[in-house]
Amino acid sequence: MIIGVPKEIKNNENRVGMTPSGVAELVKKGHTVYIQHLTGNNSGFSDEAYTAVGAQILPTIEDIYARAEMIVKVKEPIAPEYPLICKGQLLFTYFHFASDRVLTEAMIAAGAVCLAYETVEKPDRSLPLLIPMSEVAGRMSTQEGARFLEKPQGGKGILLGGVPGVKPAKVLILGGGVVGTHAALMAAGLGAEVTITDISIPRLRYLSEILPKNVKTLYSSHHNIESELPVTDLVIGSVLIPGDKAPHLITKEMLKLMQPGTVLVDVAIDQGGCFETSHPTTHSDPTYVVDGIVHYAVANIPGAVPYTSTLALTNATLPYTLALADKGWQNACREDASLALGLNVVEGKVTYKAVADVFELPYEPAVY
């Protein structure tokens, strides 16, 4: 198969879809891999590192899309890429369709096969291609939240962990999944007073056993969240419904309960955000203020640490990339039900029910 890895063109997206070691595995199996010129530079991988393992370098993104049967990248295509996508071309990347109708309609019109990292799901309900980036995003959400609590950044001027004689900040984490767990570990490690919420009692029981003693668990309800907001300094939203829009757990009205300078970090922004007042931001302009509350809603948080993120992502995606290249997407999906769940849009049809439901589009199960 001919695989193409284009340079990411989303704002401050520094990750790359494949490392040289991943390319080496594909080339070893007889596949052709095209890498766009300078694609890996911001992740620490030079063109020479790719050519040394058998990749071929092409000068432009247009060249990559024109030649590749499968595109492997990190983030969803954006508007300049839409015309480049070929009918029947396999795109293997994060899509997060449920938060973007324009993207969904563009991929339908393109006739591409869109296999989304975030909805590949194992029988135990785990999301193997989302987990590594959720781990990064969770840890960074605390790191970024601590930064924007600083007074020059618009925050309250509170040090997350406090100092002897001064109480630490209070952190509220909405959602006890992978993102929330890693956010809690980081916040607790810095010495904050942490509360993590979830609607699953078994999950809360598990979290209470594995997390440090300065992390408390709380059942997630509207009343409980409202009760915490007046005394909270940093809120991290990390609720995920695979393939669907995130629920709004904090409404605009609830902002009035918080003190000015409180920071909201919305890690669920890729799926529409779990705060009503959230809208996507970028690493170059990461925050805005609503009713005195600082909102951080960068849609590609792990893109700020591309070396770590690219290695972690490729570790997870490579076995699936190899299967798709070796067998073709139909056979690979036929043999692996987990991979088949990644099919969101196939040759003009919406094949993931949650996406179809969000936009009231016809749903047709994928045929492969």
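Residues numbered from 1 in each chain as written. Predicted model: local features only at pLDDT ≥ 70, side-chain atom pairs only at ≥ 80, totals over all residues. Heavy atoms only, no water.

*Asks:* Teacher, can you tell me more about the sheet that holds strand E5 (residues 90–93) here?
*Replies:* Spatially, E3-E2-E1-E4-E5-E6-E14-E15 is the arrangement adopted by the 8 strands of the open sheet, whose pairing is mixed. For this open sheet the edge positions go to strand E3 (56–58) and strand E15 (349–350), each flanked by a neighbour on one side alone. As paired strands, strand E6 (residues 113–116) and strand E14 (residues 343–346) are joined by 3 bridges and run antiparallel to one another. Within E14, the position partnered with valine 113 by the bridge is valine 346. (Pairing = 2+ DSSP bridges. Helix = DSSP H or I, 4+ residues; strand = E, 2+ residues; numbered from the N terminus.)

*Asks:* Is there a simple way to explain helix H4 (residues 101–110) in this structure?
*Replies:* Owing to its 3.6 residues per turn, the α-helix brings residues three or four apart onto one side. Along H4, the positions that sit buried rather than exposed are Leu103, Thr104, Ala106, Met107 and Ala110. The arc that holds the buried residues of H4, viewed along the axis, is 165 degrees, so those residues lie on one side. In H4, the exposed positions angled more than 90 degrees off the buried face are occupied by Val102 and Ala109. Looking at the buried side of H4, the elements it contacts are E5, E6, E14 and helix H11 (353–359). A side-chain oxygen of the first residue of H4 lies 3.2 Å from the backbone nitrogen of valine 102; this N-cap is aspartate 100. Looking one or two places after H4, you find glycine 111, whose phi comes out positive at around 75 degrees. (Buried < 20%, exposed > 50% of the residue type's maximum accessible area, 1.4 Å probe, protein only. Arc of directions from axis to C-beta. Contact = heavy atoms within 4.5 Å. Polar contact = N/O pair within 3.5 Å; in protein donor to acceptor, adjacent residues only side chain to side chain.)

*Asks:* Hey, could you run me through the pairing of strand E8 (residues 193–198) in this one?
*Replies:* Residues in a regular strand project their side chains so that they alternate between the two faces of the sheet. With 5 of 6 residues buried, E8 lies mostly within the body of the structure. In the classification by handedness, the crossover that spans strand E7 (residues 170–174), the intervening helix H6 (residues 178–189) and the parallel E8 is right-handed. By the bridge criterion, 5 bridges tie E8 to strand E9 (residues 215–219) in an arrangement that is parallel. Along E9, the bridge assignment pairs threonine 197 with leucine 218. For the handedness criterion, the β-α-β arrangement of E8, helix H7 (residues 201–210) and E9 is classed as right-handed. (Right-handed = clockwise from strand over helix to strand, strands pointing away.)

*Asks:* What is the right way to look at the environment of glutamine 56 in this model?
*Replies:* Tracing the sequence through the fold places glutamine 56 in strand E3. Overall, the relative accessible area of 40% leaves glutamine 56 in the partly exposed class. When the C-alpha positions of glutamine 56 and glutamine 36 are compared, they lie 8.5 Å apart, and in sequence the two are 20 residues distant. Ignoring any residue separated from it by four or fewer positions in sequence, one finds glutamine 56 in contact with Thr32, Val33, Tyr34 and Ile35.

*Asks:* Looking at this structure, I do not really get the sheet that holds strand E10 (residues 234–237). What am I missing?
*Replies:* Sheet strands line up and pair through hydrogen bonds in the backbone, either parallel or antiparallel. Spatially, the 7 strands line up as an open sheet ordered E9-E8-E7-E10-E11-E13-E12, and their pairing is mixed. Bordering the open sheet on either side are E9 and strand E12 (287–290), each of which pairs with just one other strand. Here the average twist between neighbouring strands, direction ignored, is 20 degrees. In this structure, E10 lies alongside strand E11 (residues 263–266), joined through 4 bridges in parallel fashion. When the sheet's bridge partners are listed, valine 235 is paired in E11 with leucine 264. Each of E8 and E9 touches H7; the most contacted strand, E9, lies at about 170 degrees to it. (Axes fitted to C-alpha atoms, helices over the stretch in contact; angles between N-to-C directions.)

*Asks:* How should the packing of helix H1 (residues 20–28) against helix H9 (residues 306–335) be read in this particular structure?
*Replies:* Working note: a packed helix pair is described by the angle between its axes plus the distance between those axes. At a closest axis distance of 11 Å, the pairing of H1 and H9 adopts a crossing angle of 25 degrees. The angle between the axes of H1 and H9 places the two elements in the roughly parallel class. Considering only the axes of H1 and H9, their crossing is right-handed. For the pair formed by H1 and H9, the contact residues are Gly22, Glu25 and Leu26 on the first element and Leu318, Thr321, Leu322 and Ala325 on the second. (Parallel < 35°, antiparallel > 145°, perpendicular 65-115°, else oblique. Left-handed = near helix turned anticlockwise from the far one by under 90°.)

*Asks:* Help me out: how do you make sense of the pairing of E6 in this one?
*Replies:* Residues Val113 and Leu115 line one face of E6 and the alternating positions Cys114 and Ala116 line the opposite face, and both faces are buried. By the bridge criterion, 4 bridges tie E5 to E6 in an arrangement that is parallel. Residue pairing in the sheet places leucine 90 in a bridge with valine 113 of E6.

*Asks:* Looking at this structure, how should I read the pattern of salt bridges?
*Replies:* Here the idea is simple: oppositely charged side chains can pair when their charged atoms come close. By the definition in use, this model includes 18 salt bridges. For glutamate 76, the salt bridge goes to lysine 75, with nearest N and O atoms at 3.8 Å. Accessibility classification places glutamate 76 together with lysine 75 in one group, the buried group. In this structure, lysine 170 engages glutamate 193 in a salt bridge whose closest nitrogen and oxygen atoms are separated by 3.9 Å. Of this pair, lysine 170 sits in strand E7 while glutamate 193 sits in strand E8, and the two are 23 residues apart along the sequence. Glutamate 193 sits in the partly exposed class, given a relative accessible area of 39%. Sharing partners across several salt bridges, the network here consists of Lys10, Lys75, Glu76 and Asp270. (Salt bridge = Lys/Arg side-chain N within 4 Å of Asp/Glu carboxyl O.)

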